Amino acid sequence: MKQTRIIMGMPVTVEVADGALTRAAATEHLEIAFAYFTYVDEKFSTFKEQSEISLINRRQRTLAQASQDMRTIFALAEQTKQETDGYFDIANEGGYDPSGIVKGWAINNAAAILWQRGVRNFYVEAGGDLQAMGKNGEGEPWQVGIRNPFAFDEIVKVLAVSDCGVATSGTYLQGQHIYNPKARNQPITEIASLTVVGPNIYDADRFATAAFAMGRAGIRFIESLAGFEGYLIDQERQATLTSGFTRYVSL
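Rules and cut-offs
Residues numbered from 1 in each chain as written. Predicted model: local features only at pLDDT ≥ 70, side-chain atom pairs only at ≥ 80, totals over all residues. Heavy atoms only, no water. Helix = DSSP H or I, 4+ residues; strand = E, 2+ residues; numbered from the N terminus. Buried < 20%, exposed > 50% of the residue type's maximum accessible area, 1.4 Å probe, protein only. Contact = heavy atoms within 4.5 Å. Lys, Arg positive; Asp, Glu negative; His and termini not counted. Charge placed at Lys NZ, Arg CZ, Asp CG, Glu CD. Pairing = 2+ DSSP bridges. Phe/Tyr/Trp six-rings, centres within 6.5 Å; stacked < 30°, edge-to-face > 60°. Lys NZ or Arg CZ within 6 Å of the ring centre and 35° of its normal. Salt bridge = Lys/Arg side-chain N within 4 Å of Asp/Glu carboxyl O. Axes fitted to C-alpha atoms, helices over the stretch in contact; angles between N-to-C directions. Core = buried A, V, L, I, M, F, W, Y, C linked by side-chain atoms within 4.5 Å.

**A word on the overall build of the protein**
Right, so step 1: On a plain count of helices and strands, the protein comes out with six helices and twelve strands.
Right, so step 2: Judged by the C-alpha coordinates and their principal axes, the protein covers about 50 × 45 × 30 Å.
Right, so step 3: The buried share of the protein, taken over its 251 residues, is 49%.
Right, so step 4: The contacts in the protein between residues at least 6 apart in sequence include a share of 59% that link residues at least 24 apart.
Right, so step 5: Placing the 23 positive and 29 negative side-chain charges of the protein at their respective mean positions leaves the two points 3 Å apart.

**Here we look at unusual backbone geometry**
Right, so step 1: Despite not being glycine, Met8 has its phi angle at roughly 60 degrees, a positive value.
Right, so step 2: By the secondary structure assignment, Met8 is in the loop between strand E1 (2-7) and strand E2 (10-16).
Right, so step 3: Positive phi outside glycine occurs at Asp163, with the angle close to 55 degrees.
Right, so step 4: If you trace the backbone, Asp163 turns up in the loop between strand E8 (151-161) and strand E9 (164-170).
Right, so step 5: The class for Asp163 is partly exposed, based on a relative accessible area of 44%.

**Some details on the environment of Val158**
Right, so step 1: Topologically, Val158 is positioned in strand E8.
Right, so step 2: A relative accessible area of 16% means that Val158 is categorised as buried.
Right, so step 3: With 16 residues separating them in the primary sequence, Val158 and Trp142 have C-alpha atoms 9.9 Å apart.

**Observations concerning the pairing of strand E7 (residues 142-148)**
Right, so step 1: For E7 and E8, the ladder comprises seven bridges, and the chain directions are antiparallel. What sits directly across from Ile146, in E8, is Lys157.
Right, so step 2: From the end of E7 to the start of E8, which pair antiparallel, there are two residues.

**Digging into the packing of aromatic side chains**
Right, so step 1: All chains considered together, the criterion is met by eight aromatic pairs.
Right, so step 2: Plain terms: the ring middles of Phe44 and Trp105 are 5.7 Å apart, the flat faces sit at 75 degrees to each other, and that makes the pair edge-to-face. Linking Phe44 in helix H1 (residues 23-44) with Trp105 in helix H4 (residues 99-116), this pair joins segments that are 61 residues apart in sequence. Each member of the pair, Phe44 as well as Trp105, carries the same accessibility label: buried.
Right, so step 3: Considering the side-chain rings of Tyr123 and Trp142, the 5.0 Å spacing of their centres and the 70 degrees angle between planes classify their relative orientation as edge-to-face. Taken together, the residues Tyr123 in strand E5 (residues 122-126) and Trp142 in strand E7 connect sequence positions 19 residues apart. Comparing Tyr123 with Trp142, the two get one shared label, buried.
Right, so step 4: Three or more aromatic residues link up through ring pairs in this structure, and these residues are Tyr36, Phe37 and Tyr39.
Right, so step 5: Positioned above the aromatic ring of Trp115, the side-chain terminus of Arg120 is 3.7 Å from the ring centre.

**Structural notes on the pattern of salt bridges**
Right, so step 1: As enumerated under the stated definition, the model contains 13 salt bridges in all.
Right, so step 2: A salt bridge links Arg5 to Glu31; the nearest nitrogen and oxygen atoms lie 2.5 Å apart. Pair noted here: Arg5 is in strand E1 and Glu31 is in helix H1, with a separation of 26 residues, a long-range link.
Right, so step 3: We classify Arg5 as partly exposed; its relative accessible area is 27%.

**Description of the sheet that holds strand E10 (residues 191-198)**
Right, so step 1: Strand order in the open sheet made by the eight strands is E1-E2-E5-E6-E9-E10-E11-E12, with antiparallel pairing throughout. This sheet does not close on itself; its edge strands, each paired only once, are E1 and strand E12 (239-241). Direction aside, the axes of adjacent strands within the sheet are offset by 10 degrees on average.
Right, so step 2: In this sheet, strand E6 (residues 129-133) lies alongside E5 in antiparallel orientation, the contact comprising five bridges. Bridge pairing links Glu125 to Leu130 in E6.
Right, so step 3: Strands in contact with H4 are E2, E5 and E6; relative to E5, the strand with the most contacts, it is inclined by about 155 degrees.
Right, so step 4: Sheet strands in contact with helix H5 (residues 201-213) are E6, E9 and E10, and its direction is about 25 degrees off that of E9.

**A few points about the nonpolar core**
Nonpolar side chains in soluble globular proteins tend to be buried together.
Right, so step 1: Phe37, Val124 and Ile222 are the most contacted members of the largest nonpolar core, which has 57 residues in total.
Right, so step 2: With nine residues, H5 is the largest single contributor of residues to this core.
Right, so step 3: With residues up to four places along the chain from it excluded, the contact list for Phe37 reads Ile7, Met8, Val12, Ala106, Ile107, Ala110, Val124 and Ala126.
Right, so step 4: Core analysis: the next-biggest nonpolar cluster, separate from the first, contains 16 residues, Tyr123, Val144, Cys164 and Tyr231 among them.

Have a look at this one:
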């Protein structure tokens, strides 16, 4: 069973492929996963006036007064900032925008909820980033396409993945929404997209965001991370991939 809904301002898709599940059970699993994304959106959306992050940005709530999930996100963001030499930073123009870490975290948590409920074959996707577990309905690894940032309807690579996360950072859909914290006023123009495959979507997503901010050097950063692979497309339409990336490529 597969459903897509617009939550957090993006399409969120959950597909459950456990053949033994009844339709009612599969529907219940999907509803719980979507309910979690709605909860995350209500708490972390910078576009909702009464979200917790908006209250913090308006100085109507301190971090010390914030929920455990909010404090967790700030701690994880600081950890990521340290691990990426400052190329990941949720502080922006006097406020905070944690979206660069919240999406992967939310996908990972939704996948963990399904796993805890006994689902073993499924994927959870939000805005093109996903956690894939087990196998698809045909008993094969899940197929994930990497889009051509210069021709969005074209798939340049198809990956076969199980039990891992795949995240892509780029400016081809949302424009210059990713910035280099070390040169905030300079748009990132030398690369178009960077896809990262990692052991889970939380890590794949946060490192993809930071690596994109690094420009061409980002692919070398991904190469340095044990258990991660990457695929970079630059503005000259040339691809650079890490040494082990091809093991995921099916087409």
